[in-house]
Number of protein chains: 2
Amino acid sequence: MGQKPITFLRQVISLCVNPDLLNNESFPADARERARRILQGCKGGSLGSYSDSVGVEVIRKDIAAYIERRDGFPSDPDNIFLSTGASDAIKNMVKLMVRGSGRDQTGVMIPIPQYPLYSAVTAELNAVQVNYYLDEDNNWALDIAELERSVKEARQHCTPRVLCVINPGNPTGQVLSKENVREIIKFAAREHLFLMADEVYQDNIYAEGCAFHSFKKTMMELGPEYSTLELASFHSTSKGYMGECGFRGGYMEVINMDPQVKLQLKKLVSTKLCPPVSGQATMDCVVNPPQPGEPSYESFIKEKTAVLKSLAERAKLVAETFNSIEGVTCNTVQGAMYAFPRIALPQRAVEKAKSLGQAPDGFYALQLLEQAGICVVPGSGFGQREGTYHFRTTILPQPDKLKIFMDAFTAFHNKFMKEYAD
Amino acid sequence: MGQKPITFLRQVISLCVNPDLLNNESFPADARERARRILQGCKGGSLGSYSDSVGVEVIRKDIAAYIERRDGFPSDPDNIFLSTGASDAIKNMVKLMVRGSGRDQTGVMIPIPQYPLYSAVTAELNAVQVNYYLDEDNNWALDIAELERSVKEARQHCTPRVLCVINPGNPTGQVLSKENVREIIKFAAREHLFLMADEVYQDNIYAEGCAFHSFKKTMMELGPEYSTLELASFHSTSKGYMGECGFRGGYMEVINMDPQVKLQLKKLVSTKLCPPVSGQATMDCVVNPPQPGEPSYESFIKEKTAVLKSLAERAKLVAETFNSIEGVTCNTVQGAMYAFPRIALPQRAVEKAKSLGQAPDGFYALQLLEQAGICVVPGSGFGQREGTYHFRTTILPQPDKLKIFMDAFTAFHNKFMKEYAD
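Residues numbered from 1 in each chain as written. Chains lettered and ligands numbered in written order. Predicted model: local features only at pLDDT ≥ 70, side-chain atom pairs only at ≥ 80, totals over all residues. Heavy atoms only, no water.

Topic: empty space enclosed by the protein
Right, so step 1: For the structure on display, the rule yields eight cavities of 30 Å³ or more.
Right, so step 2: Taken as a whole, the largest cavity holds about 340 Å³ of empty space.
Right, so step 3: If you go around the largest cavity, you meet 30 residues; those closest to its centre are Thr84(A), Asp88(A), Lys272(A), Thr84(B) and Lys272(B).
Right, so step 4: Elements that contribute at least two residues to the lining of the largest cavity include exactly strand S1 (80-84), helix H4 (85-97) and helix H9 (259-270) of chain A together with strand S1 (80-84) and helix H4 (85-97) of chain B.
Right, so step 5: Split by residue class, the lining of the largest cavity holds 15 nonpolar, eight polar and seven charged.
Right, so step 6: Lining the second largest cavity are 14 residues, with Lys91(A), Glu124(A), Lys272(A), Lys91(B) and Glu124(B) positioned closest to its centre.
Right, so step 7: Counting only elements with at least two residues in the lining of the second largest cavity, the list comes to H4 of chain A together with H4 of chain B.
Right, so step 8: Split by residue class, the lining of the second largest cavity holds two nonpolar, two polar and 10 charged. (1 Å grid on protein atoms, 1.4 Å probe; cavity = no way out; pocket = protein on both sides within 12 Å on 5 of 7 lines; lining within 4 Å. Points joined across faces, edges and corners; volume = space filled by probe spheres on them. Helix = DSSP H or I, 4+ residues; strand = E, 2+ residues; numbered from the N terminus. Nonpolar A, V, L, I, M, F, W, Y, C, P; charged D, E, K, R; others polar.)

In structure tokens:
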């Protein structure tokens, strides 16, 4: 994701790939120990063998231990399913929930704006997409009244069975408060919805006063009335401070799932044999980084802190710059890796776009690409309230590039607004 | 797959994972050059970045070049789709072919016995499984008359649109003759079927007089009447002499596909972002091994030859041993990695199995596991002609272990046959 890889991770994975290096003392002892441990869990002691379809057992144990440390509640390795990135697990989970036709057809509630995987998977699996709108005026908060409106309307024509929540938000960058997470859980319980918590940005929290509150922990804290709810939580190697998306590592923790359904889930994932074992090993490094006292600890913490500090600075810089431009407003980027600014397109620009058969924000984005060489994704790809226009951009470019981007963007935008002024 | 990894491959991948090693001269120059070249094709010069959804361009070019060398006909990198192992590509391709209901519902023709991915995918995607039987009495040959019977009967209740062929066969280990491949192509053309050629065992040919004839090459040689047929061919890092299944590398070449359909295929694969880039790099090593004159060439050829020679010996050993046992018959293992012997189960064993609610070959396999600690897959998992019983076993254990296995198997089998003698 455009940042320097964490050295420890790359050392461990290269050792796992090429065990001839395991006795090479130019690698730190903890990296070699970690690689040995992972390889002992792999069939034939090799990343090149198939693993169990649910993933390597020792890695599932490490993930469960990570979740226990994070939440303070038990996690059962048998509830952990490794996956090919989080997308694969999300798709499998939606697949499991889809049934019926007509008014019995499964409705999947997704936030608008949303990460387009959700709309694509819903369409592909022939489920009904049920939109609930995030509150832009309130820093993209998730309003329970809006969830209630949405589920009520959906019940007229389908059967909502799944509630997807992305926290921290993609593309919207908000971080849910503890109270908000609690309310969402109570709503899901009231409405008998299976909760899918996309928590892949759990390590990407920047704004002061914000913290990550996992759905699992919050649910457990709510006590017996809620702690038996069915929930799947997704995580990934692609985000956080490691950002190793190319290895396609991910997992889901599935809580309180009916054993018969879980058996079907295991059958479903087994048709594709196993997730990439190199991605599984990468996931292990994410959940099991160097500990105090280990030789790599200090340099690891230095790299981790630098990445997260820089991301936080960029999150602030991007939002502030957007807000300093006339006709652009941007909520605080509290977490994740994106800004989703709103652009006040002049009526003449909207009409010009329509005359070209383009969405107004698509037209704006294309002009931005052609005139300034800047690539952003139009808001219509994520969904937005009718009559509002946005785009998504990442906060990932390094600060020097980000400055160039921001200057070029400002120049383009001002010119565009002048050209199409009402 | 239970064999020692090819050194060159593991060197290249570890260098790709950990570019800090690129100047380490204990790695051969060609491995370092190969890793540099792959990384230059990766975004941000890193395996940790997403690639294009269809795969890294330089790797697609290497694959196309490999196919051109293999077949002597042009291959367009734009027709190459990297995938998460071959299974992923096969599933996507079937998905693209499925439509309709009732008599218009897509029928997918698959061999019996088959690799169970096909039946699972057909069921999951709500297509109709159309069986054609391989001819056990003729070393599992693919008989065109049987294809004709099968398609004709299927047309009574569905619309066959896809013909899947596995060559070399899994679990049956036969290798199709050139003439047979030609006849199959002509049949697919006559019946307007999309040909899916599962060619993942193309490097695993053992029996004398057998050779791999790709569907692409054979189709091209047949001239303009056939060279415009639609075809998808699948390959993988999991088989061959490298056997790196844990990296989940694979690709398909899609030939003569309608551009509008290809666009949908690209859209379909993009929902999961990209195949694991480490698996893509592994695929590159498979199609682009050390060349004569390069420093790793000699040791590579030595390793490759040793693996293939040993597999060929084991293929022979396994079939011969099975045939030396009363009540077991086994066709020549011409290719792939499996033997699929037939067992003449006594009527009393069949009845015993039925009284336990088990399939007769499942009962036999369970007894084998419990009494001798040997795990095989019952033939009913692959499909077999009614009233015949088989199991699948691999030829992958090292020769010393294979000898122990064969002795233990023989002892079990003789005891079993005595116990249930009619």
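Some details on the UniProt feature "domain: Aminotransferase class I/classII large" (unreviewed entry) in chain A
Right, so step 1: Listed under "domain: Aminotransferase class I/classII large" (unreviewed entry) in the UniProt record, and renumbered for this structure, are residues 11-408 of chain A.
Right, so step 2: Along residues 11-408 of chain A the backbone is 42% helical and 14% strand, and the end-to-end C-alpha distance reaches 38 Å. (UniProt positions renumbered as here; feature names shortened; annotations may be inferred.)

As for the interface of chain B and chain A
Right, so step 1: Contact with chain B, which involves 44 residues of that partner, is made by 44 residues of chain A.
Right, so step 2: Taken over both partners, the interface formed by chain B and chain A buries close to 3,400 Å², and the fraction arising from carbon and sulfur atoms is 55%.
Right, so step 3: Linking chain B with chain A are two salt bridges, by the criterion used here.
Right, so step 4: One salt bridge connects Glu124(B) with Lys95(A), and the closest N-O pair in it is separated by 3.6 Å.
Right, so step 5: Between chain B and chain A we count 19 residue pairs in polar contact (both at pLDDT 80 or more) in total.
Right, so step 6: Among the secondary structure elements, those contributing two or more residues to the side of chain B that touches chain A are helix H1 (7-17), H4, helix H5 (117-124) and helix H10 (277-287) of chain B.
Right, so step 7: Among the elements that take part in the side of chain B that touches chain A, H1(B) stands out by supplying seven residues, more than any other. (Contact = heavy atoms within 4.5 Å. Buried area = accessible area lost by both parts, 1.4 Å probe. Salt bridge = Lys/Arg side-chain N within 4 Å of Asp/Glu carboxyl O. Polar contact = N/O pair within 3.5 Å; in protein donor to acceptor, adjacent residues only side chain to side chain.)

Considering H4(A)
Right, so step 1: The buried fraction of H4(A) is high, at 11 of 13 residues.
Right, so step 2: When we look at burial in H4(A), the residues that qualify are Gly85(A), Ala86(A), Ser87(A), Asp88(A), Ala89(A), Ile90(A), Lys91(A), Asn92(A), Met93(A), Val94(A) and Met97(A). (Buried < 20%, exposed > 50% of the residue type's maximum accessible area, 1.4 Å probe, protein only.)

Things to note about the packing of helix H2 (residues 29-41) of chain B against helix H3 (residues 57-71) of chain B
Residues and elements named next belong to chain B.
Right, so step 1: The geometry of H2 relative to H3 is characterised by a closest axis approach of 7 Å and an angle of 120° between their N-to-C directions. Accordingly, the angle class assigned to the pair H2 and H3 is oblique. The segment H2 lies against H3, with Arg-37, Ile-38 and Gly-41 engaging Val-58, Ile-59 and Asp-62.
Right, so step 2: Classifying every residue of the contact of H2 with H3 by side-chain character gives three nonpolar, one polar and two charged. (Axes fitted to C-alpha atoms, helices over the stretch in contact; angles between N-to-C directions. Parallel < 35°, antiparallel > 145°, perpendicular 65-115°, else oblique.)

Some thoughts on the packing of aromatic side chains
The way to describe two aromatic rings as a pair is by their centre distance and the angle between their planes.
Right, so step 1: Scanning all chains against the criterion turns up 30 aromatic pairs over all chains.
Right, so step 2: Ring geometry for Phe363(A) versus Phe416(A): centroids 5.9 Å apart, planes at 55°, classification tilted. A residue pair is termed long-range when its members are at least 10 positions apart, and Phe363(A) in helix H13 (residues 360-372) and Phe416(A) in helix H14 (residues 399-419) qualify at 53 residues. Here the two residues Phe363(A) and Phe416(A) agree in accessibility, since each one is buried.
Right, so step 3: The interplanar angle of 75° and the centroid separation of 5.6 Å between the aromatic rings of Phe322(B) and Phe391(B) together place this pair among those described as edge-to-face. You can see Phe322(B) sitting in helix H11 (residues 297-323) and its partner Phe391(B) sitting in strand S12 (residues 391-394), a full 69 residues away along the chain. Here the two residues Phe322(B) and Phe391(B) agree in accessibility, since each one is buried. (Phe/Tyr/Trp six-rings, centres within 6.5 Å; stacked < 30°, edge-to-face > 60°.)

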